[in-house]
Amino acid sequence: MDTKTIKKETNNTEGTERISGSEAVIRCLLAEGVDILYGYPGGAIMPVYDELYKYQDKIHHVLTRHEQGATHSAQGYARISGKVGVALATSGPGATNLITGIADAQIDSTPMVCITGQVSSHLLGSDAFQETDIVGISTPVTKWNCQVTKASQIPEAIAKAFYIARSGRPGPVLIDITKDAQFEEFDFKYEKCKGVRSYIPIPKLDQASVEAAAELINAAKKPMIVWGQGVSLGQAEDQFKAVVEKAGIPSAWTILGAGAIPTSHPLNIGMVGMHGNYAPNVLTNDCDVLIAIGMRFDDRVTGDLSRYAKQAKVIHFEIDPAEIDKNVKTEVAVLGDAKESLAALLPLLEEKTHPEWHQKFKDLYAIEYEKVIKDDLYPTKEGLTMAEVLKEINIQTKGDAAIVSDVGQHQMIACRYANFNKTRSNITSGGLGTMGFGLPAAIGAKMAAPEREVISISGDGGYQMTIQELGTIFQQKVPVKIVVLNNEFLGMVRQWQELFFDRRYASTEMTNPDFVAIAKGYYIDAQKVTKREELKDAVAKMINTDGPYFLEVCVEKEGKVFPMIPTGASVSDIRLE
């Protein structure tokens, strides 16, 4: 589809109002329900910021300390709320600094609209000051993008952007607006986009496919579900829970799927993937019917595809046709919106319990508990483990907190051991694995859901990639809680070096600053924990502090995350030590 072509407004001016392009940008955002946006001003976007100044009672602009922070904050906002996150930046380096967050949003299906300024249209292609072809650069990592050179094109472009970003499988969209288009006046009228020619965001549900899926599920002796973020993106949690309970199917999750049903649910058998739980990984290669719901069979979930669930008949519930048979061959594909598809499936299912099959998961969990979980949560060694920090957070938040994690060992520990009682509680960078995601994403999440406890979990490496966003927290008075699990290493890389590179710790050991002093420099209350007996009171103080709080916990330097599926291995080859 040629969605990059934005038509000029027609000569029909009935019901219009003559305003500048920059004011039109703000009016369009208001029409789309935007109340918070994240950004950083500069020359090419200055006209929009000038208009934004006049509308600050209606739209709250958050000045982040880096454009990457703006995109991650917009992602955090979108991930916890389900709304479209918005980021604003100038041309050149301002625009290119958005790319990491845009790529992260693309692979993790996060709805986001980025608006960038651009040099005036007569300068395009001349290598003008701060000119960069951001449309060309961002094309591979956006769901759609376009460049606007006339003010009259702005309403249609923004309407289309929001429609594409939030519809179907969500994703990021970028609009690049030349400076002269921002100054130019035109007859403004805004209409929300209700469709784009040749773009079908939600495939029509095929009832025959649903019936075929139900037939396989009803006949299965050892069925297993693996669900992903598609359940929560489709707001299908209730329908999903009803399907799981009626069919009595053991159900595992990808890291972005966590929370669609609570961690404590008896049919929730844990996480799949490289550092997932032992039972669901091993028994993926034992089930007779594998039901994938709103997930894409990422390589971190499947391991060696040639040895992944070859004995199983695979049913794939998915909204994006491109994901069907991309990695794993399906027996039945059910294309459509997760809520609609699962609602259609439910009445066709027979009530089952599968007691013998469930016992296999319990038996394998007992092995994992003895070899891994017990030592993680109740260590007898002197050094603090990351898992016991998560355990204490679970206790004191009753599992109701939203956990926003960075990338690395702490991320896998957070996913494994945090209790997710509510949907949209595990906010992390999944597909791109972006270090530095956690702190700015937590800002956006807390601003979108001020009633929720939002806790950022970072390692000492990723934290320092966006540590400047402490300034955003201070200026905006965002009461987010920040936990840094400090092992003085790039922990995940170090673990691989230990296991696969004969302990050659090449460029992974970190000499860190005084994190507490830095936090206090931003007027954020802070504390450092080095001993186990200090942990409980320190977490309590953090949780009970009204404003933002920083907690550094010094954990064992050479701790490892197990279970682990080595790269290129089968899920059946998962290691417990």
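Up top is the structure.
Residues numbered from 1 in each chain as written. Predicted model: local features only at pLDDT ≥ 70, side-chain atom pairs only at ≥ 80, totals over all residues. Heavy atoms only, no water.

Asks: How should the nonpolar core be read in this particular structure?
Replies: The tendency in soluble globular proteins is for nonpolar side chains to be buried side by side. M224, F240, L290, V483 and V553 are the most contacted members of the largest nonpolar core, which totals 100 residues. A per-element tally of this core places helix α15 (residues 355-377) first, with 6 residues. Of all hydrophobic cores here, the second largest spans 46 residues; its members include A89, A105, C114 and I467. (Core = buried A, V, L, I, M, F, W, Y, C linked by side-chain atoms within 4.5 Å. Buried < 20%, exposed > 50% of the residue type's maximum accessible area, 1.4 Å probe, protein only. Helix = DSSP H or I, 4+ residues; strand = E, 2+ residues; numbered from the N terminus.)

Asks: What am I meant to see in the pairing of strand β7 (residues 172-178) here?
Replies: On a regular strand, each side chain points to the face opposite its neighbour's, so the side chains alternate between the two faces of the sheet. When you tally the buried positions in β7, you get 7 out of 7 residues, the bulk of the element. Of the two faces of β7, the one carrying P172, L174, D176 and T178 and the one carrying V173, I175 and I177 are both buried. For strand β5 (residues 112-118) and β7, the ladder comprises 7 bridges, and the chain directions are parallel. Its bridge partner being in β7, M112 is matched across the sheet by P172. (Pairing = 2+ DSSP bridges.)

Asks: For this particular structure, what's the right way to read the environment of T178?
Replies: Considering the arrangement of structural elements, one finds T178 in strand β7. Assessed through its relative accessible area of 0%, T178 is described here as buried. For the pair T178 and P513, spaced 335 residues apart in sequence, the C-alpha separation works out to 42 Å.

Asks: How do you make sense of the pattern of salt bridges when you look at a structure like this?
Replies: Opposite charge on two side chains permits pairing when their charged atoms draw close. As enumerated under the stated definition, the model contains 32 salt bridges in all. The partner of D304 in a salt bridge is R307, with the nearest N and O atoms 2.8 Å apart. For K557, the salt bridge is made with E509, and the minimal N-O distance between the two is 3.3 Å. Separated by 48 residues along the polypeptide, K557 in the segment after β20 (549-554) and E509 in the loop between α21 (491-500) and α22 (515-521) bring together distant segments of the chain. E509 sits in the exposed class, given a relative accessible area of 54%. (Salt bridge = Lys/Arg side-chain N within 4 Å of Asp/Glu carboxyl O.)

Asks: What's the story with the side chain of T385 in this structure? I'm lost.
Replies: Note that T385 resides in the loop between α15 and α16 (386-397). Ignoring sequence-local partners within four residues, the contact set of T385 consists of D375, D376, P379, V555 and E556. (Contact = heavy atoms within 4.5 Å.)

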